[in-house]
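Each chain, letter by letter, is given below.
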Amino acid sequence: MRERETAAGPGAPEIAPAATEEADAAVETPWRVILFDDDVHTFEDVILQLMKAVGCTPEQGYQHALTVHTEGKDCVFQGDFFDCFRVQGVLKEIALVTEIEG
């Protein structure tokens, strides 16, 4: 079977415009960073890292930390996938347990 030639060159896969638009929309849809409770970090650890990761105030960080402590988890950030990935990376610097949901 012969490979199809496309504008990208021989052997490059053809990507339908609808598929790329769908992928772009999936990245842009609201994603959430979920922070889970653990028995390792103090409230202060969590608050300071949240301030660094999402730019929240100490009071907002405390509210997130309290929710994580009492509920077991909390959504600490919502945005596009790449911003969530960045926030998750900062939270993981001190080994906080996180997940990105979309």
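**Q** I'm lost on helix 3 (residues 58–71) in this one. Help?
**A** Side chains three or four residues apart in an α-helix point the same way, a direct result of the helix having 3.6 residues per turn. Taking 1.5 Å per residue as the helical rise, helix 3 with its 14 residues ought to reach 20 Å, and the 20 Å between its terminal C-alpha atoms agrees with that figure. Burial in helix 3 covers these residues: Gly-61, His-64, Ala-65 and Val-68. Each buried residue of helix 3 sits inside an arc of 95 degrees when the element is viewed along its axis, so together they form one side. Turned more than 90 degrees away from the buried face of helix 3 sit Glu-59, Thr-70 and Glu-71, all of them exposed. Buried-residue contacts for helix 3 involve strand 3 (31–36), helix 2 (43–54) and strand 4 (73–79). Among the residues trailing helix 3, Gly-72 stands out with phi positive, at a value near 95 degrees.

**Q** Would you take a moment to explain the environment of Gly-102 for this structure?
**A** Along the chain, Gly-102 turns up in the segment after strand 5 (98–101). Separated by 72 residues in the primary sequence, Gly-102 and Pro-30 place their C-alpha atoms 6.5 Å from one another.

**Q** Honestly, the sheet that holds strand 3 in this entry has me stumped. Any pointers?
**A** Sheets are built from strands paired through backbone hydrogen bonds, the pairs being either parallel or antiparallel. Here we have three strands laid out as an open sheet, ordered 4-3-5, and antiparallel in their pairing. Each edge of the open sheet carries a strand with a single partner, namely strand 4 and strand 5. Across this sheet, the average inter-strand angle for adjacent strands is 25 degrees, counted without regard to direction. Sheet topology places strand 3 next to strand 4; six bridges connect them, and they run antiparallel. Note on strand 4: the bridge partner recorded for Ile-34 is Cys-75. Strands in contact with helix 3 are strand 3 and strand 4; relative to strand 4, the strand with the most contacts, it is inclined by about 135 degrees. Contacting strand 3, strand 4 and strand 5, helix 4 (residues 81–92) crosses the sheet at an angle of about 175 degrees to strand 5.

**Q** Just checking my understanding: could you explain helix 2 for this structure?
**A** The terminal C-alpha atoms of helix 2 lie 16 Å apart, and with twelve residues this matches the ideal 16 Å at 1.5 Å per residue to within 8%. For helix 2, the set of buried residues is Val-46, Ile-47, Gln-49, Leu-50 and Ala-53. Where the residues of helix 2 are buried, they touch strand 3, helix 3, strand 4 and helix 4. Positive backbone phi, approximately 75 degrees, marks Gly-55, located one or two places after helix 2.

Rules of the game
- Residues numbered from 1 in each chain as written.
- Predicted model: local features only at pLDDT ≥ 70, side-chain atom pairs only at ≥ 80, totals over all residues.
- Heavy atoms only, no water.
- Helix = DSSP H or I, 4+ residues; strand = E, 2+ residues; numbered from the N terminus.
- Expected span 1.5 Å × (residues − 1).
- Buried < 20%, exposed > 50% of the residue type's maximum accessible area, 1.4 Å probe, protein only.
- Arc of directions from axis to C-beta.
- Contact = heavy atoms within 4.5 Å.
- Pairing = 2+ DSSP bridges.
- Axes fitted to C-alpha atoms, helices over the stretch in contact; angles between N-to-C directions.

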